[in-house]
Amino acid sequence: NLVLVGLGVLLWIFPGVGAALHPQETVLLRSLGLKARPSPRSPAPVPPWLWKMFQKRSEAPKESRNPCWVEEFQVPGNVIRIFPDQGHLIHREEPQSWICLQKRLYFNFSALEEREELTLAQLEIQFSHNQYQGSSLVHPFQLSLYRAPQMTLHGMSTHTYSRQLLVEQSFAHLHKSFAFNVTEVAKEWQTPSKNLGLFLEISLPASPKSSLCSKLDSMLSTSLLVVSLTPGQCKSPRRKRNAYYVPVSASNICKPRRLYISFTEVGWENWIIAPQGYLANYCLGECPFPLTEELNSTNHAILQTIPCCVPVRLSPISVLYYDNNDNVVLRHYEDMVVDECGCR
């Protein structure tokens, strides 16, 4: 992604572009899947498992990194998002004694790019640990998850015949967490008119009017983990001819030059969580004539009168940040670091 590398040089030469939105910065933000520079208002904390995932990718050897495969979930993808639940509790006019909680779950998918391929959607349901910790019930709770029908959104009847059951599970420990695969349903939500969300119901069928129901809504936390592939990001590995690594040097020959991009210096520290910056590097130097294999030259460049010093091998990085909707995002980018230069 030479646009990103080129912008790195621009930010290094003109650090003031971090203050005002420069056209080149707009290009970079779009390549990151952002419509504008994010300004987090109420950002959610980064889940510990996502931190571990970021650290694992950052510490892995460059040659073993695959920015388009999520090993932890065994699915293709270069973007991992955490969508908070923006739904609401449903209060029935005639409450049923055995139903503890009914809630419409809704996740705003407007942050997804056009043609972005969703490969995994996992619903996370958690109960806080500070209440009823360690308690278990003789008569367990019943958790039911439905595809939300149109009529639910308008406060109409939510009888079983109008809903499609997706998951049903019993549990006795209130401090337990659940993860449900809802990928096929979530794929439909990429069309805004079809994003009706989900319908969650928790009940105590064998123990109606239990006091354990009363605080269940305050203990519940729901979110959606989404893995996706962005169009144009994941490409087949490019074959490089006469590959020969040239270490960073101060000579005048075409070689990589050190360039560290600090996100703090360009004014992005309030929305980029990690890393604080990265070693982007850039290519600079002479391509003397006649060219040699040590300069990673192609036959075309050898025949040219003015060959150029350009990147011939690049490596990916991972970035953890908040998007324009305050969602936590872990994104893997190809071709962000210049590892090797050559004359082309």
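Quick caveat, the model's predicted, so the values are computed rather than measured.

Caption draft 1: Geometry of the sheet that holds strand E18 (residues 328-343). As summarised here, the arrangement of the seven strands in space is E9-E6-E11-E3-E18-E17-E14, forming an open sheet in which the pairing is antiparallel. The open sheet has two free edges, formed respectively by strand E9 (178-181) and strand E14 (272-274), since each of these has just one partner strand. In this sheet, adjacent strand axes meet at a mean angle of 30° when their direction is disregarded. Note that strand E6 (residues 117-127) and strand E11 (residues 220-229) share 10 bridges and pair antiparallel.

Caption draft 2: Quick peek at the pairing of strand E3 (residues 79-84). Among the six residues in E3, five count as buried, and that is most of the element. Judged from the six bridges that link them, E3 and E11 form a sheet pairing that is antiparallel. Opposite Val-79, over in E11, you have Ser-228 as the bridge partner. The pairing of E3 with E18 spans four bridges and is classified as antiparallel. The residue bridging Ile-82 from the neighbouring strand is Val-328, located in E18.

Caption draft 3: Local environment of unusual backbone geometry. Look at the link from Ala-274 to Pro-275: it is a cis peptide, with omega at 0°. The phi torsion at Asn-281 lies on the positive side, around 65°, for a residue other than glycine. Mapped onto the elements, Asn-281 comes out in the loop between strand E15 (277-279) and strand E16 (282-284). By relative accessible area, which is 5% here, Asn-281 ends up buried.

Caption draft 4: Broad picture of the packing of aromatic side chains. As enumerated under the stated definition, the model contains 14 aromatic pairs in all. On the numbers, 6.0 Å between centres and 25° between planes, the contact of Phe-263 with Trp-268 is stacked. Connected via pairs of aromatic rings, a cluster forms that spans Phe-127, Phe-141, Phe-171, Phe-178 and Phe-180.

Caption draft 5: Region of the structure containing the state of the cysteines. One pass over the structure, following the stated rule, counts three disulfides. Bridging Cys-254 to Cys-309, the disulfide has an S-S length of 2.1 Å. Judged by the torsion about the S-S bond (85°), the Cys-254/Cys-309 disulfide is right-handed. You can see Cys-254 sitting in the loop between E11 and strand E12 (255-257) and its partner Cys-309 sitting in strand E17 (residues 309-322), a full 55 residues away along the chain. Side by side, Cys-254 and Cys-309 carry an identical accessibility label, which is buried. Cys-308 takes part in no disulfide bond, and the closest cysteine sulfur to it belongs to Cys-287, at a distance of 7.1 Å.

Caption draft 6: Representation of the pattern of salt bridges. All chains considered together, the criterion is met by 10 salt bridges. The salt bridge involving Arg-81 is made with Glu-116; its shortest N-O contact spans 2.6 Å. Of the two residues, Arg-81 is situated in strand E3 and Glu-116 in the loop between strand E5 (99-105) and E6; the sequence distance between them amounts to 35 residues. Like Glu-116, Arg-81 is buried. Note that Asp-339 and Arg-313 form a salt bridge whose closest N and O atoms lie 3.9 Å from each other. Of this pair, Asp-339 sits in strand E18 while Arg-313 sits in strand E17, and the two are 26 residues apart along the sequence. For Asp-339, a relative accessible area of 7% gives the class buried. Overlapping salt bridges, with partners in common, bring together Lys-56, Arg-57, Glu-71 and Glu-72 in one network.

About the criteria used
- All chains use their own residue numbering, which begins from 1 and follows the written sequence.
- Only residues with pLDDT of 70 or above have their local features reported here, since the model is predicted, and side-chain atom pairs are shown and tallied only from 80 upward, although totals for entire chains, interfaces and linings are computed over all residues.
- Excluding hydrogens and water, the side-chain values take into account all heavy atoms of the structure.
- The pairing criterion is simple: DSSP has to find at least two bridges between the two strands.
- Runs of E in the DSSP output that reach at least two residues are strands. Runs of H or I that reach at least four are helices, and both are numbered from the N terminus.
- The convention used is that axes are lines fitted to C-alpha atoms, helices contributing only their stretch in contact, and that angles between N-to-C directions extend from 0 to 180 degrees.
- With a 1.4 Å probe rolled over the protein chains alone, any residue whose accessible area is under 20% of its type maximum counts as buried; one over 50% counts as exposed, and the rest are partly exposed.
- The criterion for an aromatic pair is that two Phe, Tyr or Trp rings (for Trp, the six-membered ring) have centres within 6.5 Å, with stacked assigned to planes under 30 degrees apart, edge-to-face to planes over 60 apart and tilted to the rest.
- Throughout, disulfides are identified as pairs of cysteine sulfur atoms within 2.5 Å of each other.
- Salt bridges are counted wherever a side-chain nitrogen of Lys or Arg sits within 4 Å of a carboxyl oxygen of Asp or Glu.

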